[in-house]
Amino acid sequence: MESQVSLNKNGQINIVLHEREKLFFENNETVNSNDPFKRIDQEFSYFIGMNRLKETIKEIYANIQINQKREQAGLKTQKQVLHMLFKGNPGTGKTTVARKLAKAFYEMNVLSKGHFIEAERADLVGEYIGHTAQKTKALIDKAMGGLLFVDEAYSLARGGEKDFGKEAIDTLVKHMEDNQNQFILILAGYPNEMEQFLTLNPGLASRFPIVLDFEDYTVDQLLQIARQMAIEREYQLTKEAEWKLRDHLMKQKQQYFYHNFSNARFIRNIIEKSIRKHAVRLIRKNSYTTEELMLITKHDLTLE
Ligand SMILES: Nc1ncnc2c1ncn2[C@@H]1O[C@H](COP(=O)(O)OP(=O)(O)OP(=O)(O)O)[C@@H](O)[C@H]1O
Ligand SMILES: [Mg+2]
């Protein structure tokens, strides 16, 4: 059954959802609310910052719904091309977002299966003439109905004209055009390398209408991520622990200004190390309250 979109007399949008989309909007309250984007906000609220990403998903979703409405009205419709480029430093959330998008696009009925396949150079490039096209094609076949995420995509251009990486790129391009809407291809990598990759392959950029820049996080955003990661694991940082972390992050950001800083992954590592230290501190005591089991103090906070 097709989803249906109509305007009521107050100018509000009514959406009758396809079964699968109900999954995406499983909360009825949201379906009836006047804000069709509320569920997207909820689904992506885990990601601190990333406003451009959230806006892009809303645009894609609105486009699907309005296209269906246009179809019902006998107007021309256009399929969206959703292949994307992700540019961002280490730990800025590229892989995590791509994984999440596969699921969200399945629920929005954009992808028929919504599985996520992560690949890198070695998965695409073969060892002899003809092997690369075959390997790449096999991977694309596996990705049909889902999302293919190629990390460190620029490594495909590493060896220049004679390298088999070039064949992998050509094969990807060919199949993304032949199978326009049956799978989504995301090429990801660090910003400078991705820029260079695109200049080496003119014509490639235009095939990826969606380009997302994953910015480095500010200290405040990193602290918010730390808080969230702790809560997720049913821990909490004391105020003093948070101050100590803030201080450390400010120093790190300065120190690493010209180097790589692994952003949210850096935070995840600190939280995980601190949880182990907290466990060691508690096990030495013989009794502990629920509060003590949850609180990570400045002494537990492990910064190196
Ligand atoms: N905006 C965010 N909010 C909350 N957690 C985040 C955010 N961005 C990243 N993370 C977390 O940080 C960790 C690292 O993210 P991820 O592996 O997706 O980064 P990446 O950009 O793919 O890094 P790399 O380029 O090194 O592969 C994950 O645990 C992820 O959940
Ligand atoms: Mg990654």
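Higher on the page you've got the structure.
Remember, predicted model here, so these are calculated numbers, not experimental data. (Residues numbered from 1 in each chain as written. Chains lettered and ligands numbered in written order. Predicted model: local features only at pLDDT ≥ 70, side-chain atom pairs only at ≥ 80, totals over all residues. Heavy atoms only, no water.)

**Q** Explain the overall build of the protein here, please?
**A** When you go through the protein residue by residue, the secondary structure sums to 13 helices and nine strands. Counting the 304 residues in the protein, one finds 45% classified as buried. In the protein, once contacts between residues fewer than 6 apart in sequence are set aside, the share between residues at least 24 apart is 70%. Working note: accessible area of the protein is about 16,900 Å², and carbon and sulfur atoms make up 50% of it. (Helix = DSSP H or I, 4+ residues; strand = E, 2+ residues; numbered from the N terminus. Buried < 20%, exposed > 50% of the residue type's maximum accessible area, 1.4 Å probe, protein only. Contact = heavy atoms within 4.5 Å. Areas by Shrake-Rupley, 256 points an atom, 1.4 Å probe, with all protein chains shown as cover.)

**Q** Help me understand the site of ligand 1 in this model?
**A** Near ligand 1 there are 21 residues, and of these Lys94, Thr95, Thr96, Tyr217 and Arg268 occur at the shortest range. Gly91 places a main-chain nitrogen or oxygen 2.9 Å from an oxygen atom of ligand 1. The contact in question runs from an oxygen atom of ligand 1 to an N or O atom on the side chain of Arg268, over 2.7 Å. Protein chains shield 91% of the accessible area of ligand 1, which is 640 Å² for the free molecule. Contributing elements (two or more residues each) for the shell around ligand 1: helix H5 (94-107), helix H10 (219-232) and helix H12 (263-283). Considered class by class, the residues forming the shell around ligand 1 number 10 nonpolar, seven polar and four charged. (Near = heavy atom within 4 Å. Polar contact = N/O pair within 3.5 Å; in protein donor to acceptor, adjacent residues only side chain to side chain. Nonpolar A, V, L, I, M, F, W, Y, C, P; charged D, E, K, R; others polar.)

**Q** What's the story with the sheet that holds strand S7 (residues 210-214) in this structure? I'm lost.
**A** Remark on secondary structure: sheet strands pair via backbone hydrogen bonds, oriented parallel or antiparallel. Strand order across the open sheet formed by five strands is S4-S5-S6-S3-S7, with parallel pairing between neighbours. At either margin of the open sheet sits one strand with a lone partner, and together these are strand S4 (116-119) and S7. Ignoring which end each strand starts from, the neighbouring axes of this sheet average 20° apart. Each of strand S3 (84-88) and strand S6 (184-189) touches helix H9 (residues 191-200); the most contacted strand, S3, lies at about 140° to it. (Pairing = 2+ DSSP bridges. Axes fitted to C-alpha atoms, helices over the stretch in contact; angles between N-to-C directions.)

**Q** Looking at this structure, I do not really get the packing of aromatic side chains. What am I missing?
**A** Each aromatic ring pair is described using two quantities: the centre-to-centre distance and the angle formed by the ring planes. For the structure shown, the criterion picks out eight aromatic pairs. Ring centres 6.5 Å apart and planes at 65° place the aromatic pair Phe86 and Phe149 in the edge-to-face group. Of the two residues, Phe86 is situated in strand S3 and Phe149 in strand S5 (residues 147-150); the sequence distance between them amounts to 63 residues. Using a relative accessible area of 0% as the deciding quantity, one classes Phe149 as buried. Of the aromatic side chains, those joined through ring pairs into one cluster are Phe86, Phe116, Phe149 and Phe214. The ring of Phe44 has Lys100 sitting right over it, with the charged end atom 5.7 Å from the ring centre. Looking at Arg246, its charged tip hangs above the ring of Trp243, at a distance of 5.4 Å from the centre. (Phe/Tyr/Trp six-rings, centres within 6.5 Å; stacked < 30°, edge-to-face > 60°. Lys NZ or Arg CZ within 6 Å of the ring centre and 35° of its normal.)

**Q** Whenever I open this one, H12 confuses me. Can you help?
**A** Turn by turn, an α-helix covers 3.6 residues, leaving residues three or four places apart pointing in a common direction. Here H12 contains 21 residues, and its C-alpha end-to-end distance of 31 Å stays within 8% of the 30 Å for a straight helix at 1.5 Å per residue. Of all the positions in H12, only Asn263, Ala264, Phe266, Ile267, Ile270, Ile271, Ser274, Ile275, His278 and Leu282 are classed as buried. (Expected span 1.5 Å × (residues − 1).)

**Q** What is the right way to look at the pattern of salt bridges in this model?
**A** Where charged atoms from two side chains of opposite charge approach closely, those side chains can pair. Summed over the entire model, instances satisfying the criterion amount to 17 salt bridges. Arg246 serves as the salt-bridge partner of Asp220, at 3.0 Å between the closest nitrogen and oxygen. Of the two residues, Asp220 is situated in helix H10 and Arg246 in helix H11 (residues 239-255); the sequence distance between them amounts to 26 residues. Among the charged side chains, a salt-bridge network with shared partners connects Arg39, Glu43 and Lys100. (Salt bridge = Lys/Arg side-chain N within 4 Å of Asp/Glu carboxyl O.)

**Q** Teacher, can you tell me more about unusual backbone geometry here?
**A** Peptide bonds are trans in most cases, and residues, glycine excluded, mostly fall at negative phi. Notably, Met50 is not glycine yet its phi reads approximately 55°, a positive angle. The residue Met50 is located in the loop between helix H3 (38-43) and helix H4 (51-72) in this model. The class for Met50 is buried, based on a relative accessible area of 16%. Not every positive phi belongs to a glycine, and Asn263 is a case in point at roughly 45°. Examined against the element boundaries, Asn263 turns out to sit in helix H12.

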